[in-house]
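Close look at the chain arrangement
The residues making up each chain are set out below.
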Amino acid sequence: MKAGLFGCALALVAAFVPAAALADDPRDPTMRSAAAQARDRAIIKRMNQQQLAYVRERDARNRPTYRVTDADSETYANARADYAREMAAWRRAVAACNSGRWEYCDN
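In this text the structure is predicted, and so the values were computed from the model without any measurement. (Residues numbered from 1 in each chain as written. Predicted model: local features only at pLDDT ≥ 70, side-chain atom pairs only at ≥ 80, totals over all residues. Heavy atoms only, no water.)

What about the overall build of the protein?
Looking only at helices and strands, one finds three helices and zero strands in the protein. When the helices and strands of the protein are read in sequence order from the N terminus, they spell out α-α-α. The burial tally for the protein puts 3% of its 107 residues in the buried class. Entry remark: accessible area of the protein is about 9900 Å², with carbon and sulfur atoms responsible for 60%. (Helix = DSSP H or I, 4+ residues; strand = E, 2+ residues; numbered from the N terminus. Buried < 20%, exposed > 50% of the residue type's maximum accessible area, 1.4 Å probe, protein only. Areas by Shrake-Rupley, 256 points an atom, 1.4 Å probe, with all protein chains shown as cover.)

So, the state of the cysteines
Inspection of every chain in the model, using the stated rule, returns one disulfide. There is a disulfide in this structure between Cys97 and Cys105, and the S-S distance comes to 1.9 Å. Its S-S torsion of approximately 115 degrees makes the covalent link between Cys97 and Cys105 right-handed. (Disulfide = S-S within 2.5 Å.)

Some words on the pattern of salt bridges
Enumeration according to the criterion identifies four salt bridges in this entry. Between Arg101 and Glu103 there is a salt bridge; the shortest N-O distance is 3.2 Å. Among the residues examined, Arg101 registers a relative accessible area of 42% and is labelled partly exposed. (Salt bridge = Lys/Arg side-chain N within 4 Å of Asp/Glu carboxyl O.)

What follows is the structure, given as structure tokens:
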């Protein structure tokens with residue numbers, strides 16, 4: 001029991017303690033030369049460009065599913081108009097009920 005509790009506590013501590021990021025260590029001896037820094041910048045730029053190309057391709061592939069057609073817009077407008085009519089009728093019924101017309105107090 002104590003070992004399980006200790007394990008859970010250790011896991012929680014490990015989850016909440018931030019790990020030191022060594023990616024941009026200014027004391028890294030391999031990054032002291034200008035050539036190494038330029039090579040690192042070129043690698044990062046290439047990776048960023050590859051990711052941008054991937055995102056643009058993905059968005060272009062998924063774009064047709066994001067489009068709202070005219071039929072969908074019309075359906076939404078009709079549903080919204082129906083909702084507005086029903087709410088107006090309900091508000092009239094509530095006002096009638098509150099004024100003493102008990103036949104409007106059913107629902």
